[in-house]
Amino acid sequence: MDTVPYRTRSGDHSVEQGPVLVGLVGKGIQLSRTPAMHEAEGAAFGLSYHYRLFDTAEMPSDLEIGEILRSAEICGFAGLNITYPYKVTVIDHLDELSDAARALGAVNTVVFRNGRRKGHNTDWWGFSESFRRNMAGAKCDTVLQLGAGGAGTAVAHALVERGVAALRIYDRDHEKAEALVRRINTGAGYQIATAVNSLEAGLEGEVDGIVNTTPVGMASMPGTPLSPDHVKPAMWVADIIYFPLETELLRIARQKGCRVLPGSGMAIFQAVRAFEHFTGLVPDIGRMEETFKAFGS
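This section reports on the structure supplied with the text. (Residues numbered from 1 in each chain as written. Predicted model: local features only at pLDDT ≥ 70, side-chain atom pairs only at ≥ 80, totals over all residues. Heavy atoms only, no water.)

Here we look at the packing of helix H1 (residues 34–44) against helix H9 (residues 264–279)
(1) Moving on: Between H1 and H9, the shortest axis-to-axis distance is 10 Å and the interhelical angle comes to 50°. Overall, the two elements H1 and H9 adopt an arrangement that is oblique. Crossing angle aside, the handedness with which H1 passes H9 is right-handed. Touching Thr34, Met37, His38, Glu41 and Gly42 of H1 are Ala267, Ile268, Gln270, Ala271, Ala274, Phe275 and Phe278, all from H9.
(2) Moving on: Here the contact of H1 with H9 is built from residues that sort into seven nonpolar, four polar and one charged. (Axes fitted to C-alpha atoms, helices over the stretch in contact; angles between N-to-C directions. Helix = DSSP H or I, 4+ residues; strand = E, 2+ residues; numbered from the N terminus. Parallel < 35°, antiparallel > 145°, perpendicular 65-115°, else oblique. Left-handed = near helix turned anticlockwise from the far one by under 90°. Contact = heavy atoms within 4.5 Å. Nonpolar A, V, L, I, M, F, W, Y, C, P; charged D, E, K, R; others polar.)

Quick look at the structure:
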């Protein structure tokens, strides 16, 4: 079997050039750009790299995430990315968690290796790196986050890491918001996050930014997670959705003169880390970004 040279974080190596099978599990994911990013990067390394979608919106309604993992494992997959709505429920089907996944209580990358399943979370770094690169100087005294699911958990931790002083979290499931607040405050060692019962409560006083981590705004779930009247010109607005690249929320925010952060950055950077987990290779960020941008808007 041929070998292909590559660089890992520990130096130069070579790896057997065999097929690499990976995939994405989620609901309503047909427009995902992740397969193209992974496959193009794999090809750049000379790998036979194949990325498949496991879209549960097109599968029997009683199919469980555990069955998908088991089938992929049997078929020789190196791992799977996990997206809405399985980032928390998948944990019950794993053998171990990375430190980040354990701290966040959410998984978006599962690696199959040596008969074991290990869960990672690359979402938090994906959002944090996107924010660092694209929102330099943004005021972060008070931020309202919409959603407390698996992606919301990662984003909340990233916002704290990026220096948000007071994080308000709203979710229609208030118990879920409260649970995330406890996790954030425990990790920080002091009260930095607060669960709010309504959008109105979350927007009281001066709010510097709004982050949408709910699925509202996706092509399969069109709309906005809050009224356009809630968006003020002095705010910055971020969305983690990237299909469509400009959600209705971001369109409204742009029209009002807000500084905006689309979900493309988080999508690219989480994919960078996931590729590394699957292959052991250090991908070219710029190259993956160009693949993403090749789709247009």
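A word on the packing of aromatic side chains
(1) Moving on: Summed over all chains, the structure comprises eight aromatic pairs.
(2) Moving on: Ring centres 6.0 Å apart and planes at 35° place the aromatic pair Phe127 and Phe131 in the tilted group. Of this pair, Phe127 and Phe131 both sit in helix H4 (residues 123–134), four residues apart, which is roughly one turn of the helix.
(3) Moving on: Seen in terms of ring centroids, Phe131 and Trp236 are 5.2 Å apart; in terms of plane orientation they differ by 70°. Their pairing is edge-to-face. With Phe131 in helix H4 and Trp236 in strand S13 (residues 236–239), this pair connects stretches of sequence that are 105 residues apart. As far as the burial class goes, Phe131 and Trp236 line up, both buried.
(4) Moving on: Positioned above the aromatic ring of Phe292 is the side chain of Arg33, whose terminal nitrogen or guanidinium carbon lies 4.5 Å from the ring centre.
(5) Moving on: Lying across the ring of Trp125, Arg273 places its NZ or CZ 4.0 Å from the centre. (Phe/Tyr/Trp six-rings, centres within 6.5 Å; stacked < 30°, edge-to-face > 60°. Buried < 20%, exposed > 50% of the residue type's maximum accessible area, 1.4 Å probe, protein only. Lys NZ or Arg CZ within 6 Å of the ring centre and 35° of its normal.)

Concerning the pairing of strand S12 (residues 209–212)
(1) Moving on: Burial along S12 is two-sided: Gly209 and Val211 and Ile210 and Asn212, pointing in opposite directions, are all buried.
(2) Moving on: As paired strands, strand S9 (residues 142–146) and S12 are joined by four bridges and run parallel to one another. Along S12, the bridge assignment pairs Leu144 with Ile210.
(3) Moving on: Here S12 pairs with S13 via four bridges, running parallel. Along S13, the bridge assignment pairs Val211 with Ala238. (Pairing = 2+ DSSP bridges.)

A word on helix H6 (residues 174–188)
(1) Moving on: Here H6 is 15 residues long and its end C-alpha atoms lie 21 Å apart, about the 21 Å a rise of 1.5 Å per residue gives.
(2) Moving on: All of the buried residues along H6 are Ala177, Leu180, Val181, Ile184 and Asn185. Buried residues of H6, seen end-on, are gathered within an arc of 130° and therefore sit on one face of the element. Along H6, the residues that are exposed and aim more than 90 degrees away from the buried face are Glu175, Arg182, Thr186 and Gly187.
(3) Moving on: Those residues of H6 hidden inside the fold are in contact with S9, helix H5 (150–161), strand S10 (166–170) and strand S11 (193–195).
(4) Moving on: One or two residues past the end of H6 sits Gly189, with phi positive at roughly 85°. (Expected span 1.5 Å × (residues − 1). Arc of directions from axis to C-beta.)

These results come straight from atomic positions and should not be treated as a statement about function.
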